[in-house]
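Residue-level structural notes
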Amino acid sequence: MLMRLILLFTMVPLIELAILFKLNQYIGLGYTLGIVIFTGVLGAYLAKSQGNQILFRIKMEMGEGRMPGDELINGLCVLIGGAMLLTPGILTDTTGFILVLPGTRHLVKVFIKNKLRKMIDEGKVNFYFRW
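All of these numbers come straight from a predicted model, not from anything done at the bench.

1. A short note on the overall build of the chain
In terms of regular secondary structure, the chain is built from five helices and zero strands. Counting from the amino terminus, helix and strand elements in the chain follow one another as α-α-α-α-α. In summary, the chain has a C-alpha radius of gyration of 18 Å against a globular reference of 14 Å for 131 residues, an excess of more than 25%. Projected onto the principal axes, the alpha-carbon positions of the chain cover approximately 55 × 35 × 30 Å. Considering only residue pairs separated by 6 or more positions, the chain has 51% of its internal contacts joining residues 24 or more positions apart. Surface accessibility of the chain: about 9800 Å² in total, with carbon and sulfur atoms responsible for 73%. Treating the 14 positive side-chain charges of the chain as one cloud and the 8 negative ones as another, the clouds have centres 4 Å apart.

2. Re the layout of surface pockets
Considered as a void within the structure, the largest pocket measures approximately 240 Å³ in volume. Taken together, L8, F9, V12, P13, M84, T87, L91, T92 and T95 make up the full set of residues lining the largest pocket. For the lining of the largest pocket, the element with the most residues is helix α1 (residues 2-27), which contributes four residues. Per-class residue counts for the lining of the largest pocket are six nonpolar, three polar and no charged.

3. Description of the side chain of Q50
Turning to its location among the elements, Q50 is positioned in helix α2 (residues 29-63). Classification of Q50 by relative accessible area gives buried; the value is 8%. Ignoring sequence-local partners within four residues, the contact set of Q50 consists of V78, V100, P102 and R105.

4. Some remarks on helix α4 (residues 90-100)
Buried within α4 we find T92, D93, G96, F97, L99 and V100. One side of α4 holds all its buried residues, which, seen down the axis, span an arc of 160 degrees. Each element contacted by the buried residues of α4 is listed here: α1, α2, α3 (69-86) and α5 (102-121).

5. Regarding the pattern of salt bridges
The tally for this structure, following the rule as stated, stands at three salt bridges. E71 is the partner of R57 in a salt bridge, and the nearest nitrogen-oxygen pair spans 3.1 Å. With R57 in helix α2 and E71 in helix α3, this residue pair connects regions lying 14 residues apart in the sequence. Its relative accessible area of 27% is what places R57 among the partly exposed residues.

6. Quick word on the packing of α3 against α4
Across the interface, α3 lies against α4 with an axial gap of 7 Å and an inter-helix angle of 155 degrees. Comparing the axis directions of α3 and α4 gives the class roughly antiparallel. Between α3 and α4 lies a crossing of left-handed hand. Of α4, the residues touching α3 (which contributes C77, V78, I80, G81, G82, M84 and L85) are T92, D93, T95, G96, F97, L99 and V100. By residue class, the composition of the contact of α3 with α4 is eight nonpolar, five polar and one charged.

Cut-offs and rules
- Within each chain, residues carry numbers counting from 1 in the order of the written sequence.
- Whole-chain, interface and lining totals are the exception, using all residues; otherwise, since this is a predicted model, local features are given only for residues with pLDDT of at least 70 and side-chain atom pairs are given and counted only at 80 or more.
- Computation of side-chain values covers all heavy atoms of the structure but excludes hydrogens and water.
- Strands here are runs of E lasting at least two residues and helices are runs of H or I lasting at least four, both read from the DSSP assignment and numbered beginning at the N terminus.
- Using C-alpha atoms as the atom set, the radius of gyration is obtained and then compared with a globule rule of 2.2 Å times the number of residues to the power 0.38.
- Residues count as neighbours in contact if any of their non-hydrogen atoms are within 4.5 Å of one another.
- Here the open area of atoms and residues is found with the Shrake-Rupley method and a 1.4 Å probe, where only the protein chains shown may cover a residue.
- Counted charges follow a simple rule, with Lys and Arg positive, Asp and Glu negative, and His plus the chain ends left uncounted.
- For the purpose of locating charges, the reference atoms are NZ of Lys, CZ of Arg, CG of Asp and CD of Glu.
- The rule is simple: put a 1 Å grid over the protein atoms alone, call a set of points where a 1.4 Å probe fits but cannot get out a cavity, call an open set with protein on both sides within 12 Å along at least five of seven lines a pocket, and count a residue as lining if it has an atom within 4 Å of a point.
- Grid points are joined across faces, edges and corners, and a volume is the space filled by probe spheres set on the points.
- Polar here means any residue outside two lists: the nonpolar Ala, Val, Leu, Ile, Met, Phe, Trp, Tyr, Cys and Pro, and the charged Asp, Glu, Lys and Arg; Gly therefore counts as polar.
- Any residue under 20% of the maximum accessible area for its type is buried, any over 50% is exposed, and the rest in between are partly exposed; the area is computed with a 1.4 Å probe on protein chains only.
- This arc is taken over the directions from the axis of the helix to the C-beta atoms.
- Whenever Lys or Arg places a side-chain nitrogen within 4 Å of a carboxyl oxygen from Asp or Glu, that contact is recorded as a salt bridge.
- To obtain an axis, a line is fitted to C-alpha atoms, over the contacting stretch when the element is a helix, and the angle between two such axes runs from 0 to 180 degrees between their N-to-C directions.
- With respect to orientation, any angle under 35 degrees is reported as roughly parallel, any angle over 145 as roughly antiparallel, any angle of 65 to 115 as roughly perpendicular, and every other angle as oblique.
- In this scheme the handedness of a crossing depends on how the near helix is turned from the far one: anticlockwise by less than a right angle means left-handed, clockwise means right-handed.

In structure tokens, the structure reads:
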């Protein structure tokens, strides 16, 4: 698992840089920087607005005495997606938009829930508490 994370955090930035350099060759530096800045600003706005909506729904569900399971997954997706949108790059921006936009986020949420259900059924989920 550690090796996968190391590979992820070293390879993704290198791939992103290569894509940005190639994009720069095709459309120029100004447009490339414009895309990076635009997606960062738009991503921050979307993450904030979606995050506020999710927090409102969590408060509503808790006020009704229900556990906000789906909304917690939505919140996690928006948090990760917002961070990815603030990271310069085409791949991270695409992934960030998938996680932040409600329509595509629903597909990711279904995938996460199915994966968690399968892990629970196989007994691969462990919870550790430290006192």
